[in-house]
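# Chains, contacts and geometry: an overview
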Amino acid sequence: MIIDMKPEVQLDTNYYKVEDIKNLSEHTFVLSLPKSRFEFVAGQHISLSISGDYQSREYSIYSAEKGENLQVLVKEVEGGYFSPKLKHLKVGDMVEIHGPFGKFGLDEKRKDSHKHVFIASGTGIAPFHSIVESYLGLDYHLIHGVRYVEEGYDREEYADERFTLCTSRDKNGDFNGRVTDYLKITEFDKDTCFYLCGNSDMIFDSMEILSDKGFGRENVNVEVYF
Ligand SMILES: Cc1cc2nc3c(=O)[nH]c(=O)nc-3n(C[C@H](O)[C@H](O)[C@H](O)COP(=O)(O)OP(=O)(O)OC[C@H]3O[C@@H](n4cnc5c(N)ncnc54)[C@H](O)[C@@H]3O)c2cc1C
């Protein structure tokens, strides 16, 4: 008996052609693909692989829920297996996508009653970019921790008064120091919902600081990248 697996249907659904690559810094870029063929909620991530390679990695969706293109923000990690391969992609190359996955995103129960503070390190800003672009008019404050000002990816897309760039090795940021130093000296409204995304050290240290300030786990949402 011949079983028709229709592999071409699978290919059509999950394969996307790279439409554009926008470099934001020497090692960081936005990969633009055609409009997603699936619905997603801002904050979710996808699993990405390259044709002919058996490995895949997760990437937060950078673009808006109803965006014209599906986008991800990628940092080429020195010595990494997958991200340097993404850096070598060219317009017209194919990538394979699965998803969306994850529950990171605006807390529906607290969406209208609480202030939203987004705390990101490095490319951890990606889900917040998607949220801000998806929910225009949202009352938020985005705190982005990087080493140098050039790593304030697409900062001009956020309202100045809603964005604080914390630069740990550069005096030209809005705050000279780590995100955690900024959190320690900042007062937050009692009704604030925190969203943290990025590396685990930043997330765990921030959670401890927020806990010392009286914010329980129910008001803190996290997405750990590595
Ligand atoms: C839910 C989720 C969402 C993610 N979203 C994004 C995203 O939007 N953009 C993005 O660039 N990455 C994102 N990542 C990280 C991404 O999946 C890969 O881990 C990253 O691209 C490195 O893969 P690699 O194969 O090059 O490195 P690997 O060979 O897998 O690992 C090499 C080393 O690099 C470390 N590492 C991983 N990420 C970083 C980083 N950003 N900076 C420094 N060191 C790192 C790893 O811990 C490991 O020690 C996300 C991870 C998760 C779990």
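One can find the structure itself at the top, above this paragraph.
As a starting point, this report considers the structure included with it. All figures in this text were calculated on a predicted structure; none of them were measured in a lab. (Residues numbered from 1 in each chain as written. Predicted model: local features only at pLDDT ≥ 70, side-chain atom pairs only at ≥ 80, totals over all residues.)

### Details of the site of the ligand
The cut-off we apply is this: Near, for a residue, is defined by distance from a backbone-placed C-beta atom to a molecule or strand, with 6 Å as the limit that must not be exceeded. Strands are runs of DSSP state E lasting at least 2 residues, helices are runs of H or I lasting at least 4, and numbering of each runs from the N terminus. Ten residue types, Ala, Val, Leu, Ile, Met, Phe, Trp, Tyr, Cys and Pro, are classed as nonpolar, four, Asp, Glu, Lys and Arg, as charged, and the remainder, Gly among them, as polar. The domain limits used here are those given by an automatic or database domain assignment.
Contacts to the ligand come from 20 residues, most closely from G80, Y81, F82, S83 and F226. Only β5 (56-60) and β6 (69-75) provide two or more residues apiece to the shell around the ligand. Classifying every residue of the shell around the ligand gives ten nonpolar, six polar and four charged. Domain assignment of the residues forming the shell around the ligand places at least three in each of domain 1 (7-101) and domain 2 (108-224).

### Structural notes on the environment of L136
In plain terms, the rule: Here exposure depends only on C-beta density: within 10 Å of a residue's C-beta, 20 or more other C-beta atoms make it buried, 12 or fewer make it exposed, and intermediate numbers make it partly exposed, the C-beta atoms being placed from the backbone.
Within the secondary structure layout, L136 lies in the loop between α3 (126-134) and β9 (140-146). For L136, a count of 7 C-beta atoms within 10 Å puts it in the exposed group. The spatial distance from the C-alpha of L136 to the C-alpha of V224 is 25 Å, given a sequence separation of 88 residues.

### Digging into unusual backbone geometry
Here the residue pair G99 and P100 is connected by a cis peptide bond, since its omega of 5 degrees sits within 30 degrees of zero. Within the fold, P100 resides in strand β7 (residues 94-101). The backbone of D154 sits at a positive phi, close to 55 degrees, despite the residue not being glycine.

### Thoughts on the nonpolar core
Selection rule: In plain words, the nonpolar core is the set of buried Ala, Val, Leu, Ile, Met, Phe, Trp, Tyr and Cys residues that C-beta atoms within 7 Å link up. Each residue is represented by a C-beta atom placed from its backbone, and any two residues with such atoms within 7 Å are regarded as in contact.
Among the nonpolar cores identified, the biggest contains 49 residues, and V72, F118, I119, F128, I143 and F194 are the most heavily contacted of them. Here the element with the most residues in this core is strand β12 (residues 192-198); it accounts for five residues. Each of domain 1 (7-101) and domain 2 (108-224) contributes no fewer than three residues to this core. Not counting the four nearest positions on each side in its chain, F194 is found in contact with V117, I119, L210, F215, N219 and V220.

### What to know about helix α5 (residues 200-212)
Put simply, the rule reads: For a helix, the expected span equals 1.5 Å multiplied by the number of residues minus one. The directions from the helix axis to the C-beta atoms are what the arc is built from.
Over its 13 residues, α5 runs 18 Å from end to end, which matches the ideal 18 Å to within 8%, given 1.5 Å per residue. M202, I203, S206 and L210 are the residues of α5 that are buried. For α5, the arc enclosing every buried residue in end-on projection is 95 degrees, short of the 170-degree limit, so these residues lie on one face. Of the exposed residues in α5, those oriented more than 90 degrees away from the buried face are S200, D201, E208, S211 and D212. Contact partners of the buried residues in α5: β8 (115-121), β9, α4 (179-184), β12 and β13 (220-224). Within two residues after α5, G214 carries a phi angle of roughly 100 degrees, on the positive side.

From the geometry alone we can't say anything about function, so treat these as descriptive.
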